There are 2 protein chains.
Amino acid sequence: MERRPHVVIIGGGFGGLAAARALAGAPVNVTLVDRRNHHLFQPLLYQVATAALNPSDIAYPIRAALAKQRNARVLLAEARSIDVAKRHVVLDDGALDYDYLVVATGATHSYFGKDWGQVAPGLKSIEDALEIRRRVFLAYEAAERESDPVAQREWLTFVVVGGGPTGVELAGALGEIGLHTLAHDFRSIDPTQVRVVLFEGGDRVLAAYPPKLSLAARRSLENRHVEVRLNTLVTAIDATGVTVTCADVAERVGTRTVLWAAGVQASPLAADLGAARDRAGRVEVRPDLSLPDHPEIFVIGDLAKMISDGVQVPGVAQGALQGGKHVGKIIAAEARGAAKPANRPAFRYHDKGNMATIGRASAVVATKRFSISGLTAWLLWWVVHIMFLVGFKNRLLVMFHWGWNWLTFTRGARLITGEVGPLPEIKTIGPDGEVVLPQGATSVSLGDNVKDSAAPPPS
Amino acid sequence: MERRPHVVIIGGGFGGLAAARALAGAPVNVTLVDRRNHHLFQPLLYQVATAALNPSDIAYPIRAALAKQRNARVLLAEARSIDVAKRHVVLDDGALDYDYLVVATGATHSYFGKDWGQVAPGLKSIEDALEIRRRVFLAYEAAERESDPVAQREWLTFVVVGGGPTGVELAGALGEIGLHTLAHDFRSIDPTQVRVVLFEGGDRVLAAYPPKLSLAARRSLENRHVEVRLNTLVTAIDATGVTVTCADVAERVGTRTVLWAAGVQASPLAADLGAARDRAGRVEVRPDLSLPDHPEIFVIGDLAKMISDGVQVPGVAQGALQGGKHVGKIIAAEARGAAKPANRPAFRYHDKGNMATIGRASAVVATKRFSISGLTAWLLWWVVHIMFLVGFKNRLLVMFHWGWNWLTFTRGARLITGEVGPLPEIKTIGPDGEVVLPQGATSVSLGDNVKDSAAPPPS
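Residues numbered from 1 in each chain as written. Chains lettered and ligands numbered in written order. Predicted model: local features only at pLDDT ≥ 70, side-chain atom pairs only at ≥ 80, totals over all residues. Heavy atoms only, no water.

Caption draft 1: How the structure looks around the overall build of chain A. When helices and strands are counted, chain A shows 11 helices and 30 strands. When each of the 459 residues of chain A is scored for burial, the buried share is 57%. Of the contacts made within chain A by residues no fewer than 6 positions apart, 63% connect residues no fewer than 24 positions apart. Summing over all exposed atoms, chain A offers an accessible surface of approximately 18,500 Å²; the carbon and sulfur share of this is 54%. (Helix = DSSP H or I, 4+ residues; strand = E, 2+ residues; numbered from the N terminus. Buried < 20%, exposed > 50% of the residue type's maximum accessible area, 1.4 Å probe, protein only. Contact = heavy atoms within 4.5 Å. Areas by Shrake-Rupley, 256 points an atom, 1.4 Å probe, with all protein chains shown as cover.)

Following this line, the structure appears as structure tokens:
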């Protein structure tokens, strides 16, 4: 029996999984390596971060996705380095030899060299989303307990850095959480008075969209009480606030919750490939998506600077998916002996359009043919995202969660798990809810800023 | 305006939440303190641990559960100690004065003085459930990579200690995961060959049930390939196995996954109350559930040794729920001036029966009037658990998850989140899946123990 080529795919995201699936039935052995056991529908990750969806609604075991593809195996492992000369991938605890290598490890947050990872978490993994969820809902808990009005205001201020799709979607959801989800749940704070600020360095949000959609998105955010601050750069972030500059004027905004949606950088594995990279670390690939000196190595998705018809392919799910399918087909044809590396087709990206949602009944959709906003765009966004979700059950479930949230203005997944960090000291609370301050300070009533908590007097 | 009594409730489980709700409309101020933000439907926690349900399917924000009860406030805080003389609860960062105190902090795992917490996690919180889920599914991943057959066998052996409802339910689910859920997902292992062992010190599982149901449960477990080992005590647990003794004969079972369902102990707060306690730390209360010397303090649920008609109330959800309702009514009546502490009614437990599920279409149900097992019991179990879940949406969702899992033999929530710990080294895997062992050892094929992975030869 002839030896089958061994195809190693690093990364089980849209690109890697599409490549593996395109190899179904081909005379190859496929090993897909990922350090997580699940494929993630990343475009909906912000919905987990804002408690509208559960992690397993948007994640699916890679192993189950490839269970029926008999020529594929899945390995839970982290790729540490690549030896392109020896055709060898070094894992955290072992190694893989390959005949073909597909690198699809995607991108991670970039803080532009700053040390802001702890104070301003980004959104790339389920763990990131749960950490953001924890911080957001704990901030309301902290505000409820806080007796210092300045600190309370900081707890109720949420800052999002970056006005791309993730930033816009996070900010819109944060606005709605205050306005609707938590409106009646607290006694000492009024969640509808929450402040959400979105900082964007450019002159409009959603810069990749037509200007009229940027404007529509901004209006829609403002309807959700989100302050959109354009042409503004963040210069410092610490535990109690951010410092920004706009037209050379510096300003400090007090906040305890900063979310980072401003920059991404290609995963560090790219450095091992020995190929040229752009400023964001993306690997420059040939038209067929292989490396200039290594036709057996393909780089796809957010890790690659993919060019189609002279234009750079945007770092979105569609680009990764189409890239994965493209290289999977090339490898399958060569393994069957039906094609040679010298005659590979160039990758052509089919732009099916971009969409982002701002919240309840509001989204923007831009395609080559039309661009719309509002309810129609939102319905379209909804249908498209449901359709792309991996797994039929997930589609039904997500539809159910969303339908329910829409009808009831609630969010079902408001769990705070993990350690509860330090919260404001609440001093002593007496029988009528008055706060007894330490060191003999004057006692103030917690009821002062309560909207409507007066219970009927005893009958 | 007359000062309203301040009722402090510690713990937002079945007991605490029932007490708070029974005080709705009463002329009191209620403060419910919990260190978590969610009420947990603990009887279904094992379903989260075994990936059938999502955390938020069985957990509900306490704050949302009491949002409409205007005389109640919710505080996310941990009660550290109680000063019964000063009527004062010390929190991790503050304090509360009370007129009435309801202590409902429940129970935690007990390892009978052994240091087995790390090697044998128990199941009390969402975090516990996710940790167990992580360990179970990682064990399969590790087995898939393991080339040493002894170690592989250890990874595929799951030990449950304790044959009460939690132990039986966990063992049954673990058996089904191997037999059905993962049957086709791996290439180097055959998940249906998984070994699940349930150790119980007594002479039957489900000792609180009639003997014929214990027998039915045991048969049902054995149908799921669970080895039920009765009259067997665990004497040692370490990272690669457990040591047990049965009839003075010691035996070691190699395993990498041990789950603890053997013992519980009342929460440590009980010690502050100055009242007599039994061996498991439960507080001895008067017939009205208050403390002998402190009529203003009530202890309910798993923390209390509640007696009804001369019989000890079992540590189940119904007992806590009914206890909470009972003390809530007493406090409401006294706050209204309609009753005096001297004339309080005694608590009477209404036993609505016990039920446990062993798996797909198999459960046992015991009430005063009848005891059944099998499919009918399972349907009854299903209806009752759905009905008791807090929140209408949760009911629909859980029904959906279960229906789906039942139809498809899958489990939707198979995510491994958090850190992936050390897994077996996989050495070098060559193009045909052969393992290249270090130090020039003979190369073995990973395909040797694969059931059905032969792909068609290249055409």
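Caption draft 2: Inspection of the packing of aromatic side chains at higher detail. All names here are of chain A. Evaluated as defined, the whole model comprises 12 aromatic pairs over all chains. Plain terms: the ring middles of Phe-112 and Trp-260 are 6.1 Å apart, the flat faces sit at 65° to each other, and that makes the pair edge-to-face. Of this pair, Phe-112 sits in the loop between strand S10 (107-109) and helix H5 (126-145) while Trp-260 sits in strand S17 (residues 257-260), and the two are 148 residues apart along the sequence. A connected cluster of aromatic rings, assembled from ring pairs, spans Tyr-111, Phe-112, Trp-116 and Trp-260. (Phe/Tyr/Trp six-rings, centres within 6.5 Å; stacked < 30°, edge-to-face > 60°.)

Caption draft 3: Structural context of the sheet that holds strand S16 (residues 249-254) of chain A. Residues and elements named next belong to chain A. Across the sheet, three strands lie side by side as S14-S15-S16; this open sheet has antiparallel pairing. Of all the strands in the sheet, the pair left with one neighbour each is strand S14 (232-238) and S16. Across the sheet, the mean angle separating the axes of adjacent strands is 25° when strand polarity is ignored. Both strand S15 (residues 241-246) and S16 contribute to a ladder of six bridges, which runs antiparallel. Paired with Thr-245 across the bridge in S16 is Ala-250. (Pairing = 2+ DSSP bridges. Axes fitted to C-alpha atoms, helices over the stretch in contact; angles between N-to-C directions.)

Caption draft 4: Region of the structure containing the pattern of salt bridges. Tallied over the entire structure, the rule returns 41 salt bridges over all chains. Among the salt bridges present, the one from Arg282(A) reaches Asp278(A), with a minimum N-O distance of 3.0 Å. Arg282(A) sits in the partly exposed class, given a relative accessible area of 25%. Of the residues examined, Asp278(A) reaches a relative accessible area of 17% and is grouped as buried. The partner of Arg195(B) in a salt bridge is Glu227(B), with the nearest N and O atoms 2.6 Å apart. One end of the pair, Arg195(B), is in strand S12 (residues 195-199); the other, Glu227(B), is in strand S13 (residues 226-229), with 32 residues separating them in the sequence. Residue Glu227(B) is classed as partly exposed on the basis of its relative accessible area of 28%. Salt bridges here are not isolated pairs; linked through shared partners, they connect Arg286(A), Asp288(A), Glu334(A) and Arg344(A). (Salt bridge = Lys/Arg side-chain N within 4 Å of Asp/Glu carboxyl O.)

Caption draft 5: Here's a closer look at the sheet that holds strand S21 (residues 294-299) of chain A. Residue and element names in this part refer to chain A. Reading across from one edge, S5-S2-S1-S9-S21-S20 is the order of the six strands in this open sheet, with mixed pairing throughout. If you trace the sheet from one side to the other, it starts and ends with strand S5 (72-76) and strand S20 (290-291), each paired once. Against the sheet, helix H1 (residues 14-22) makes contact with strand S1 (6-10), strand S2 (29-34) and strand S9 (100-103), and its axis sits at roughly 165° relative to S2, the strand it touches most. Where helix H9 (residues 317-335) meets the sheet, it contacts S1, S9 and S21, and its direction lies at approximately 175° from that of S9.

Caption draft 6: Geometry of the packing of H1(A) against H9(A). Residues and elements named next belong to chain A. Interhelical geometry of H1 versus H9 gives an angle of 30° and a closest axis separation of 7 Å. In terms of orientation, H1 and H9 fall into the roughly parallel class. In the packing of H1 onto H9, the handedness of the crossing is right-handed. Along the contact surface, H1 presents Phe-14, Gly-15, Ala-18, Ala-19 and Ala-22, while H9 presents Ala-317, Ala-320, Leu-321, Gly-324, Lys-325, Val-327, Gly-328, Lys-329 and Ala-332. Of the residues belonging to the contact of H1 with H9, the class tally is nine nonpolar, three polar and two charged. (Parallel < 35°, antiparallel > 145°, perpendicular 65-115°, else oblique. Left-handed = near helix turned anticlockwise from the far one by under 90°. Nonpolar A, V, L, I, M, F, W, Y, C, P; charged D, E, K, R; others polar.)

Caption draft 7: The environment of Leu76(A), seen in detail. Position of Leu76(A) among the secondary structure elements: in strand S5. Sequence-wise, Leu76(A) and Arg63(A) are 13 residues apart; in three dimensions their C-alpha atoms are separated by 9.4 Å.

Caption draft 8: Summary view of helix H10 (residues 375-388) of chain B. Residues and elements named next belong to chain B. An ideal rise of 1.5 Å per residue puts 20 Å on 14 residues; H10 measures up with 20 Å between its terminal C-alpha atoms. Buried residues of H10: Ala-377, Trp-378, Trp-381, His-385 and Ile-386, and no others. The buried residues of H10 occupy an angular sector of 160° when projected down its axis, which confines them to one face. (Expected span 1.5 Å × (residues − 1). Arc of directions from axis to C-beta.)

Caption draft 9: Up close: the pairing of S17(A). Residues and elements named next belong to chain A. Side-chain alternation along S17 places Thr-257 and Leu-259 on one buried face and Val-258 and Trp-260 on a second face that is also buried. Two elements, strand S11 (residues 157-161) and S17, share four bridges in a ladder whose sense is parallel. What sits directly across from Phe-158, in S17, is Thr-257.

Caption draft 10: Molecular detail of the packing of helix H5 (residues 126-145) of chain B against helix H7 (residues 165-181) of chain B. All names here are of chain B. Between H5 and H7, the shortest axis-to-axis distance is 12 Å and the interhelical angle comes to 35°. Remark: the crossing between H5 and H7 carries right-handed chirality. On H7, the residues touching Val-136, Phe-137 and Tyr-140 of H5 are Leu-174, Ile-177 and Gly-178. When its residues are assigned to classes, the contact of H5 with H7 shows five nonpolar, one polar and no charged.

Caption draft 11: Fine view of the pairing of S15(A). All names here are of chain A. Alignment of S14 against S15, held across six bridges, turns out to be antiparallel. The residue bridging Thr-232 from the neighbouring strand is Cys-246, located in S15. Here S14 folds back onto S15 in antiparallel fashion, the turn holding two residues. Connecting S15 to the antiparallel partner S16 that follows it, the hairpin turn spans two residues, and Ala-247 within it adopts a positive phi of roughly 50°.

Caption draft 12: Structural view of the side chain of His6(B). Residues and elements named next belong to chain B. By the secondary structure assignment, His-6 is in strand S1 (residues 6-10). In this structure His-6 comes out as buried when scored by relative accessible area, which is 1%. A distance of 2.6 Å separates a polar side-chain atom of His-6 from the backbone oxygen of Asp-97. (Polar contact = N/O pair within 3.5 Å; in protein donor to acceptor, adjacent residues only side chain to side chain.)

Caption draft 13: Up close: the environment of Arg36(A). Residue and element names in this part refer to chain A. Structurally, Arg-36 can be placed in the loop between S2 and strand S3 (38-40). Relative accessible area serves as the criterion here: at 25%, Arg-36 is assigned to the partly exposed category. C-alpha of Arg-36 to C-alpha of Gln-193: the two residues are 157 residues apart in sequence and 39 Å apart in space. The contacts of Arg-36, once residues within four sequence positions are left out, are Ile-62, Leu-76, Ser-125 and Glu-127.

Caption draft 14: Just the environment of Ala270(A), in detail. Residue and element names in this part refer to chain A. Here Ala-270 is to be found in the loop between strand S18 (264-266) and strand S19 (283-284). Overall, Ala-270 belongs to the buried group, its relative accessible area being 1%. The sequence separation of Ala-270 and Ser-81 amounts to 189 residues, and the corresponding C-alpha distance is 9.2 Å. The residues contacting Ala-270, other than those within four sequence positions of it, are Arg-277, Gly-281, Val-283 and Leu-303.

Caption draft 15: Local environment of the confidence of the model for chain A. Residue and element names in this part refer to chain A. Across chain A, the average pLDDT comes to 86, with 86% of residues at 70 or higher. Predicted confidence for residues 435-459 stays below pLDDT 50, and this span has 37 contacts to residues more than four positions away or in other chains. As scored by the predictor, the complex reaches a pTM of 0.83 and an ipTM of 0.77. (pLDDT = per-residue confidence, 0-100.)

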